[in-house]
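What the coordinates show
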Amino acid sequence: MKKAIIGKKIGMTQIFKEDGTVVPVTVVEAGPCTVVQKKTVETDGYDAVQLAFGDIKEKNVTKPVKGHFDKYGVKYARVLREFRLDDCSALEPGQELKADVFEVGDHVDVSGRSKGKGYAGAIKRWGQQRGPMAHGSKYHRSAGSMGASAYPSRVPKDKHMAGQMGNKNVTTLNLEVVSVDAENNLLLIKGAIPGSKGSVVSVKSSVKVAE
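The chain appears in an unreviewed UniProt entry as Large ribosomal subunit protein uL3 from Candidatus Pseudoramibacter fermentans. UniProt lists a comment for the chain under the heading Sequence similarities (unreviewed entry), and it reads "Belongs to the universal ribosomal protein uL3 family." Per UniProt, the chain has the following entry under Function (unreviewed entry): "One of the primary rRNA binding proteins, it binds directly near the 3'-end of the 23S rRNA, where it nucleates assembly of the 50S subunit."

What to know about the overall build of the chain
Regarding its fold elements, the chain presents 3 helices and 12 strands. A globule of 211 residues ought to have a C-alpha radius of gyration of about 17 Å, yet the chain, at 23 Å, is considerably larger. Residues counted as buried form 34% of the 211 residues belonging to the chain. Accessible area for the chain stands at about 13200 Å²; split by element, carbon and sulfur atoms hold 50% of it. Separation of charge centres in the chain, based on 33 positive and 23 negative side chains, amounts to 16 Å.

A closer look at the sheet that holds strand β12 (residues 200–205)
As summarised here, the arrangement of the 6 strands in space is β1-β2-β11-β10-β7-β12, forming a closed barrel in which the pairing is antiparallel. Strand-to-strand twist in this sheet, taken as the mean axis angle between neighbours without regard to direction, amounts to 50 degrees. Pairing between strand β10 (residues 169–181) and strand β11 (residues 186–190): 4 bridges, direction antiparallel. Pairing of Val177 across the sheet is with Ile189, part of β11.

Observations regarding the domain arrangement of the chain
Taken as a whole, the chain is organised into domain 1 (2–119 + 168–203) and domain 2 (121–160). Each of domain 1 and domain 2 has a C-alpha centre, and these two points are 41 Å apart.

Digging into the sheet that holds strand β6 (residues 96–97)
Taken together, the 4 strands give an open sheet; going across it, the order is β5-β4-β3-β6, and neighbouring strands pair in antiparallel fashion. Of all strands in the sheet, those with a lone pairing partner are β5 (79–84) and β6, marking the two edges. Pairing between strand β4 (residues 48–53) and β5: 6 bridges, direction antiparallel. Among the inter-strand pairings, Leu51 is bridged to a residue of β5, identified as Arg81.

Overview of the environment of Val49
Structurally, the position occupied by Val49 is in strand β4. Val49 sits 46 residues away from Lys3 along the chain, and the two C-alpha atoms are 10 Å apart. Setting aside residues up to four positions removed in sequence, Val49 forms contacts with Val35, Gln37, Arg81, Glu82, Phe83, Leu85, Cys88 and Leu91.

Looking at a nonpolar patch on the surface
A contiguous nonpolar surface patch, about 200 Å² in accessible area, is contributed by Met146, Val155 and Met161. When you line up the elements, Val155 lands in the loop between α3 (122–126) and β9 (163–166).

Structural notes on the confidence of the model for the chain
On average, residues of the chain score 88 in pLDDT, and 98% of them reach the 70 mark or higher. Predicted confidence in the chain is weakest over helix α1 (residues 41–44), with a mean pLDDT of 82, and strongest over strand β8 (residues 116–120), with 94.

Concerning the nonpolar core
Core analysis: the largest hydrophobic core is formed by 27 residues, its most contacted members being Val49, Leu51, Val108, Val110, Leu187, Ile189 and Val203. In contact with Leu187, other than residues within four places in its own chain, are Thr26, Val27, Val28, Ala30, Ala99, Phe102, Val177, Ser179, Val180 and Val203. In terms of nonpolar packing, the next biggest core, distinct from the first, is built from 7 residues, Ala52, Val61, Tyr76 and Ala77 among them.

Topic: the environment of Val61
One can find Val61 in the loop between β4 and α2 (63–72). Apart from residues no more than four positions distant in its own chain, Val61 is found in contact with Ile56, Lys66 and Tyr76.

So, the packing of aromatic side chains
In this structure the tally under the stated criterion is 1 aromatic pair. Note on Phe69 and Tyr76: the rings are 6.1 Å apart at their centroids and 80 degrees apart in plane angle, and the pair reads as edge-to-face. For Phe69, a relative accessible area of 0% puts it in the buried group. Accessibility expressed as a relative area gives 18% for Tyr76, which makes it buried. In this arrangement the basic side chain of Arg84 is found over the ring face of Tyr46, its NZ or CZ atom lying 4.1 Å from the centre.

Thresholds, definitions, all that
- Residues numbered from 1 in each chain as written.
- Predicted model: local features only at pLDDT ≥ 70, side-chain atom pairs only at ≥ 80, totals over all residues.
- Heavy atoms only, no water.
- UniProt positions renumbered as here; feature names shortened; annotations may be inferred.
- Helix = DSSP H or I, 4+ residues; strand = E, 2+ residues; numbered from the N terminus.
- Rg over C-alpha atoms; globule rule 2.2 N^0.38 Å.
- Buried < 20%, exposed > 50% of the residue type's maximum accessible area, 1.4 Å probe, protein only.
- Areas by Shrake-Rupley, 256 points an atom, 1.4 Å probe, with all protein chains shown as cover.
- Lys, Arg positive; Asp, Glu negative; His and termini not counted.
- Charge placed at Lys NZ, Arg CZ, Asp CG, Glu CD.
- Pairing = 2+ DSSP bridges.
- Axes fitted to C-alpha atoms, helices over the stretch in contact; angles between N-to-C directions.
- Domains from an automatic or database assignment.
- Contact = heavy atoms within 4.5 Å.
- Patch = residues over 30% accessible without salt bridge, like charges linked within 9 Å, V, L, I, M, F, W, Y side chains within 5 Å.
- Salt bridge = Lys/Arg side-chain N within 4 Å of Asp/Glu carboxyl O.
- pLDDT = per-residue confidence, 0-100.
- Core = buried A, V, L, I, M, F, W, Y, C linked by side-chain atoms within 4.5 Å.
- Phe/Tyr/Trp six-rings, centres within 6.5 Å; stacked < 30°, edge-to-face > 60°.
- Lys NZ or Arg CZ within 6 Å of the ring centre and 35° of its normal.

Below is the structure:
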């Protein structure tokens, strides 16, 4: 059964296994999340569930979002996300999900917003090579040729150029849940996940088969 939850990235640390090996882990405050809406094939054409996470003052909730929460009788939250699941029959609006929906050994996909690194050139952003650094070359760290001049007389789409680096939606696949702290709603996930400390992430069952 597929599982999903919204959480907040706390930071990275390391834990020791019984055999003494060190495992780098990311600590995620997973939940508590409230089920807002349940979608089914009969009513919406597909199975999905909307989860809400994070506290927010009522004055900061917009009227459309406020009406959506009031319709299902759940408290207002800062983050609202939808997850497609195979079976939502066990979930009902108002139900609360915590970190213990996952177990040690589960493999998950973690989605978040990567760190923004500002404006970067083509060499740093895309790994392009520089030109000769001699004084006479006059070509050092430029982006290079922009394309044909006669035809099509324009820069082709998706050309690797300078621009904003990072600050994109990124999903890291097939990470292992090393530890679950149900009392404090913490998940310890092996390896690094996208985003900076304090950023919101989505944790869901992996789409890949664990090796």
